[in-house]
Amino acid sequence: AMGQRCGSRLLPAQPGESPNPSTLEGARSSSSSSMPRGSTFESSGSGAPRLSRQRSMTVKAFQVRVAERSFPDEDRNHPVRLVVFDLDETLTLTTFMSEDGTYDEGQHEFTTLINFESPWVQGCRVEKLRRMFEELAESREGERRAIAVLTRNSHREGVRAVLNLLKVSHLDEHIDAIWTMPARMSIPSGAYRHHDGTWRFFDPPVGRLLDHKVSVLKSVAAQPKAWLPQLKSEQCPEALKDLGELRLENIVLVDDQEANFQNGQGRLLRYAKVTRYHATYHDLGYIEDMGGIGAHDDQDFALLKNFVEDPWLYKETLKMNCMEIRSEQTDQHLPVRLIVFDFDETLTMATFLPDDNAFNSDIDWRLSGQNIGTWRQGELLLCNWESPWVKGRRLKRLQTMLAQLKKGKEGPRELVILAPREGSAVSIVNLLKVGRLDGYFSAVWTFPPIDGVPNGVYKEGGVWKTFDPPLDEVRDNSNKSEVLKHILENTPAWLPQLSGGDLDANKLELLRLVPENVVLVDNEPMALTGRASRDVPRLCKVMRYDENYRDCGLLYQMGGIGAHTSEDFDLLVNFVKNPWEYPCELPDDGEEVEPIAERMSKRLPSMRRFSDIEGDWSRTPRGRAQPASAAASPNSPRDEGSEGTRSRSEAEGEEDEG
């Protein structure tokens, strides 16, 4: 969800959003008022100025995403009165804790360094966090806001370990309460800062709720004194007493896990999503699923502050984000010749496959009649391809977009699919046939390899054929980055139609691919950060979301180009034509300033990484017409009565359109 400004107040631009002209540095003089925005003058050599155009901003690859969802009385502009932060990969970059959750004074500096300080930005990140807390704690009108931490950190000492970690960097001085989940026997789940400045442990009612952050925050809004015991005290500061009455729209959750913003009980109305990434961290090696507010961009702190002040200016839009990461050949403006799509939740909204052996294994399968296994054709089209959140036919727009993408100024482009799924590539092609999309693609590959299952299909002379791509030659054939790298270096082995001797000029160009000739369209952040982003510098990120979908109940990690806005289709076409107009600067991997691993082994030999204990939000392939309880988190029950947005009877009524 990317914020969209709806008013005239000047705010930092969101990723992919052009800034307000009045926010650009330096006011334009009257003599240059007719210049296009972002233009500059260059000397033409003859003394006369020559106009050149350049983007006035770059895409932010790692910036926090903020959004306010729609709710019934959103026009009343309810102020934010409570800001709740996750701990792991939100306040920390990555969480390392001692075995017993305690630290002596000599270990404070090192523990702060490894958990909170970023090697990718200048300055002290802890100081920036403290300043952010101070600014968030008081509104523009001088009203007090509460700051809390809600974490699923898995340390055996629970809230005590979390509090001790915050104390080593003095961040606890800015926090009013800490809540841990799930509830555990004989261990308190809460701590609050008393009016005298001391911390006291207590038991909030977390054990009586569904094991999900939405359920907890709904309870906080309904019973704030049960979660903030200082409100019960006669010595409670006057500024905090207004928190005795809260609404859900008064709360902002800042978290790195998308699934924490919605569950079967409902959704949070205001949230900030911290970007996750993989990185080489000091000398600890390559660490996956890192995060941290401001870990790569200091603008995170200002953006979050502005959002908390005026959340109604950042409406949720779920728009695709496209970027070209600077590389050695960026300035050459090389044309795009190959577009690599993910399949599940990128081309599809959510993937549903029929239980039909021929459909899933026969590359020569053809649609005959209205039924495919136990599915009706219109039902299969509706659930995989059509969006209930935009007007018109999404499938038609997909067909138009793919046709436009194939037509390049320098010659036809090749469109392929690379899907991380343990299964045959045949079922993907046959699902494309149902939507009449197969004609736009040249090949489909799946990984990792499965014995006895074709992981590749390619089209030659209009006929689809199966083959075995050289996945066994890829260093790590479960890693999309490694697979893409092998494709670029061994293109004929992945596109057998290029093996013949009689190739036209366009096919010959495919034999000389460089990373800058490729665009990757994906919904998975793991594929768009770290090593992969260096190997394929031109990227389009499809937004993921959790939603009640038709009669399937709540589905996690849905996606789909154009699922929530038709602007995605034009954006992708324009990006492929001119990717250099969407520049994105990535930070360096950071220098090894000191031997962190050696210091850890000497000072805190029991220290290891702790993180959220979230479940694995399964997404592909989807179950058919599953009951609401089946779509809930594997770690939490789901309330009854939740329904999808469309019924199966509606699906059957639209099958003639398919």
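As the structure is a prediction and not an experimental result, all values here were calculated from the model.

(A) Highlighting the environment of E173. Mapped onto the elements of the fold, E173 is located in the loop between helix 3 (159-168) and strand 7 (177-180). For the pair formed by E173 and F133, sequence separation is 40 residues and the distance between their alpha carbons is 9.6 Å. At 3.1 Å, the side chain of E173 forms a polar contact with the side chain of H170.

(B) Main features of the pattern of salt bridges. Following the criterion strictly, the structure yields 34 salt bridges and no others. One salt bridge connects D310 with R140, and the closest N-O pair in it is separated by 3.0 Å. Placement of D310 in the loop between helix 6 (299-309) and strand 16 (321-325) and of R140 in the loop between helix 2 (125-136) and strand 6 (146-151) is noted, with a sequence separation of 170 residues between them. Looking at R140, the relative accessible area reads 44%, which means it is partly exposed. D176 serves as the salt-bridge partner of R193, at 3.7 Å between the closest nitrogen and oxygen.

(C) Representation of the sheet that holds strand 9 (residues 199-202) within the structure. With respect to topology, eight strands assemble into an open sheet ordered 3-13-10-4-6-7-8-9, the strand pairing being mixed. Only two strands of the sheet have a single partner each, and these edge strands are strand 3 (65-68) and strand 9. Averaged over all pairs of adjacent strands, the angle between their axes in this sheet comes to 20 degrees, without regard to strand direction. Across four bridges, the pairing between strand 4 (residues 82-85) and strand 6 is parallel. Pairing of V84 across the sheet is with A148, part of strand 6. Contacts between helix 2 and the sheet are confined to strand 4 and strand 6, with strand 4 contributing the most and set at about 155 degrees to the helix. Helix 4 (residues 213-222) contacts strand 4, strand 6, strand 7 and strand 10 (251-255) of the sheet and is inclined by roughly 150 degrees relative to strand 10.

(D) A look at the sheet that holds strand 22 (residues 456-460). An order of 23-22-21-20-17-24-25-16-28 is seen for the nine strands of this open sheet, with the pairing classed as mixed. Edge positions in the open sheet fall to strand 23 (463-467) and strand 28 (583-584), since each of these has one partner strand only. Bridge count for strand 16 against strand 25 (residues 538-541) is four bridges, and the pairing is antiparallel. Of the residues in strand 25, the one forming a bridge with E324 is R538. Sheet strands in contact with helix 10 (residues 426-434) are strand 20 (414-420), strand 21 (443-447), strand 22 and strand 23, and its direction is about 135 degrees off that of strand 21.

(E) Local environment of the confidence of the model for the chain. Put simply, the chain has an average pLDDT of 80, and 79% of its residues get 70 or more. Here residues 526-532 is modelled with pLDDT under 50, and outside its nearest four sequence neighbours on either side it reaches 21 contacts, counting other chains as well. Confidence drops under a pLDDT of 50 for residues 615-620, and excluding neighbours within four residues, the segment shows 18 contacts in the predicted structure.

(F) Local environment of helix 4. Most of helix 4 sits out of view: eight of its ten residues are buried. Taken residue by residue, helix 4 has K213, V214, S215, V216, L217, S219, V220 and A221 as its buried positions.

(G) Here's a closer look at the side chain of D297. In this fold, D297 is placed in the loop between strand 15 (286-290) and helix 6. Overall, D297 belongs to the buried group, its relative accessible area being 11%. Side-chain polar atoms of D297 contact the backbone nitrogen of Q299, separated by 2.9 Å.

(H) Just the pairing of strand 14 (residues 277-280), in detail. One ladder, built from three bridges, connects strand 14 with strand 15; its direction is antiparallel. Looking across to strand 15, one finds that T280 is bridged to Y286. Between strand 14 and the antiparallel strand that follows it, strand 15, lie five residues; H282 among them carries a positive phi value of about 50 degrees.

(I) Local environment of the packing of aromatic side chains. Per the counting criterion, the structure on display carries 17 aromatic pairs. With a centroid separation of 5.7 Å and 85 degrees between ring planes, the pair formed by F307 and Y314 is classed as edge-to-face. Each member of the pair, F307 together with Y314, is buried. Through successive ring pairs, a cluster of aromatic residues spans F352, W375, W389, Y545 and Y549. The ring centre of F201 lies 4.8 Å from the NZ or CZ of R160, which sits over that ring.

(J) Structural context of unusual backbone geometry. In this structure, P182 follows M181 across a cis peptide bond, with omega equal to 0 degrees. By secondary structure assignment, the location of P182 is in the loop between strand 7 and strand 8 (190-193). The residue after F447, namely P448, is reached through a cis peptide bond having omega 0 degrees. For P448, the position within the fold is in the loop between strand 21 and strand 22. Positive phi values are uncommon outside glycine, yet D289 reaches one of about 55 degrees. In this fold, D289 is placed in strand 15. For D289, a relative accessible area of 23% translates into the label partly exposed. Here R550, not a glycine, exhibits a phi torsion of approximately 50 degrees, which is positive.

(K) Geometry of the pairing of strand 24 (residues 518-522). Burial runs high along strand 24: five of the five residues are buried. Judged by which residues are buried, strand 24 turns out to be covered on both faces: V518, L520 and D522 on one side and V519 and V521 on the other are all buried. With four bridges connecting them, strand 17 (residues 338-341) and strand 24 associate as parallel partners. Residue pairing in the sheet places I339 in a bridge with V519 of strand 24. By the bridge criterion, four bridges tie strand 24 to strand 25 in an arrangement that is parallel. Note on strand 25: the bridge partner recorded for L520 is L539.

(L) Broad picture of the environment of K406. Tracing the backbone through its elements, the reader meets K406 in helix 9 (residues 394-406). Setting aside anything within four residues of it in sequence, one finds K406 in contact with G411, P412, R413, L415 and Y440.

(M) Quick peek at the packing of helix 8 (residues 377-385) against helix 10. Relative orientation of the contacting elements helix 8 and helix 10 amounts to 105 degrees, with a least axis distance of 10 Å. The pairing of helix 8 with helix 10 is recorded here as roughly perpendicular in orientation. The residues of helix 10 that touch helix 8, namely those facing L380, L381, N384 and W385, are L431, L432 and V434. Among the residues forming the contact of helix 8 with helix 10, the class breakdown is six nonpolar, one polar and no charged.

(N) Representation of the side chain of E117 in the model. In this structure, E117 sits in the loop between helix 1 (108-116) and helix 2. One buried charged residue, E117, forms no salt bridge at all, with the nearest opposite charge on R125 at 6.6 Å. Here V126 takes part through its backbone nitrogen, which lies 3.4 Å from a polar atom of the side chain of E117. If sequence neighbours within four positions are ignored, E117 has contacts with L93, T112, G123, C124, R125, V126 and Y281.

Cut-offs and rules
Residues numbered from 1 in each chain as written. Predicted model: local features only at pLDDT ≥ 70, side-chain atom pairs only at ≥ 80, totals over all residues. Heavy atoms only, no water. Helix = DSSP H or I, 4+ residues; strand = E, 2+ residues; numbered from the N terminus. Polar contact = N/O pair within 3.5 Å; in protein donor to acceptor, adjacent residues only side chain to side chain. Salt bridge = Lys/Arg side-chain N within 4 Å of Asp/Glu carboxyl O. Buried < 20%, exposed > 50% of the residue type's maximum accessible area, 1.4 Å probe, protein only. Pairing = 2+ DSSP bridges. Axes fitted to C-alpha atoms, helices over the stretch in contact; angles between N-to-C directions. Contact = heavy atoms within 4.5 Å. pLDDT = per-residue confidence, 0-100. Phe/Tyr/Trp six-rings, centres within 6.5 Å; stacked < 30°, edge-to-face > 60°. Lys NZ or Arg CZ within 6 Å of the ring centre and 35° of its normal. Parallel < 35°, antiparallel > 145°, perpendicular 65-115°, else oblique. Nonpolar A, V, L, I, M, F, W, Y, C, P; charged D, E, K, R; others polar. Lys, Arg positive; Asp, Glu negative; His and termini not counted.

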